[in-house]
Amino acid sequence: MQKITKEVYLKWYEDMYFWRKFEDKLAAVYIQQKVRGFLHLYNGQEAVLAGALHAMDLTKDKMITAYRNHVQPIGMGVDPKRVMAELYGKATGTSQGLGGSMHIFSKEHRFFGGHGIVGGQIPLGAGLAFGDKYHGNDAVTLCCFGDGAARQGSLHETFNLAMLWKLPVVFVCENNGYAMGTSVERTANHTDIWKLGLGYEMPSGPVDGMNPIKVAEAFDEAIQRARRGEGPTFLELKTYRYRGHSMSDAQHYRTKDEVLEYKKIDPITQVKDILLEKKYATEDEIKVIDKRVKALVSECEKFAEESPYPEKNVMYDVVYEQEDYPFIQHKI
């Protein structure tokens, strides 16, 4: 892993602050009904992505995740304007406005979604890694999911085959505590989700998911192991989401005081404190970054607002049709 230098801390701060403000803007336009459907925001979990990207080789490594997936493709290199446009349902979006919030995708930048089915991406992530191993590619797949998805049976099937075939995949549980709204303590007899990997003799362990340094170190070890052909790793990133599961979540399962306690270890604040303590940046220089970030978010909003909606025929162009389908009975 490359050294965590002044430049890395500055990039982490700007990236994470942008991701936070991007999601805040989406929350605002959602209330205005400019973005419809479900909306799952990443606020609080930014250290997981920042640390992961630092350890990855973005020229070849892949990422797949669940429906809390707006900022990951941006980190992988997708134009944030196109991500915003996709959420608006506009033709300039990553999927021409047809995917929306839960299905951001970019083959070019090796970001494979955005999946609305809970845990559906887990076997797909192993499949991507299988493809790389089969073709002899020196690439690793990060397969991310939440603590709720850890209860899916497909996780166990996938872990078994990934270990059997020594697939180059890192399984990442972003444990933000509550799944859709039910705490880990109420869904399983155990609270250490990482221990699920031990039954398959998979290297597994917990990570402080609020600290990008700890995240980067854990991901680097796991990615290098996979790249050496030694198989998968399972990491449980213990993190926290400040907002509800989705915008419709009333959050009756936790208190405001609990959220405030976690905000005391906010990943963005942690990095900002390091920048100031090590004199990597002054308060005024940080304000310049903040201003630049807010301007970019405004550009994304303007681009999405001004972009056209897709033509209706586009919806039909991406639906499979076979005119002579043999299993349809026609009444005479």
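Being a predicted model, the structure only gives us computed values, none of them experimental. (Residues numbered from 1 in each chain as written. Predicted model: local features only at pLDDT ≥ 70, side-chain atom pairs only at ≥ 80, totals over all residues. Heavy atoms only, no water.)

### Structural notes on the overall build of the protein
The secondary structure content of the protein amounts to eleven helices and five strands. Computed over C-alpha atoms, the radius of gyration of the protein comes to 20 Å, within 12% of the 20 Å expected from 2.2 N^0.38 for 332 residues, which places it in the range of a compact globule. Projected onto its principal axes, the C-alpha positions of the protein cover 80 × 50 × 45 Å. Across the protein, every contact between residues at least 6 apart in sequence was considered, and the portion connecting residues at least 24 apart equals 75%. As displayed, the protein offers around 16,600 Å² of accessible surface, 53% of which is attributable to carbon and sulfur atoms. Across the protein, the 42 positively charged side chains and the 45 negatively charged ones have centroids separated by 2 Å. (Helix = DSSP H or I, 4+ residues; strand = E, 2+ residues; numbered from the N terminus. Rg over C-alpha atoms; globule rule 2.2 N^0.38 Å. Contact = heavy atoms within 4.5 Å. Areas by Shrake-Rupley, 256 points an atom, 1.4 Å probe, with all protein chains shown as cover. Lys, Arg positive; Asp, Glu negative; His and termini not counted. Charge placed at Lys NZ, Arg CZ, Asp CG, Glu CD.)

### A few points about empty space enclosed by the protein
Tallying each qualifying case throughout the model produces one cavity of 30 Å³ or more. In this model, the largest cavity occupies a volume close to 60 Å³. Lining the largest cavity are Tyr42, Val48, Leu49, Ala52, Met63, Thr65, Gln72, Leu142, Cys144, Val172, Glu174 and Phe219. In terms of residue count, the dominant contributor to the lining of the largest cavity is helix α2 (residues 46–55) (three residues). (1 Å grid on protein atoms, 1.4 Å probe; cavity = no way out; pocket = protein on both sides within 12 Å on 5 of 7 lines; lining within 4 Å. Points joined across faces, edges and corners; volume = space filled by probe spheres on them.)

### Concerning the nonpolar core
One finds Trp12, Trp19, Phe22, Leu26, Leu142, Val170 and Phe219 to be the most contacted residues of the largest nonpolar core, which totals 62 residues. Per-element tally for this core: the top contributor is helix α1 (residues 6–31), with twelve residues. Contacts of Leu142, omitting those with residues within four sequence positions, involve Ala52, Met56, Lys62, Met63, Ile64, Val170, Phe219 and Ile223. Among the nonpolar cores identified, the runner-up in size contains 23 residues, and Leu128, Phe145, Ala150 and Val184 belong to it. (Core = buried A, V, L, I, M, F, W, Y, C linked by side-chain atoms within 4.5 Å. Buried < 20%, exposed > 50% of the residue type's maximum accessible area, 1.4 Å probe, protein only.)

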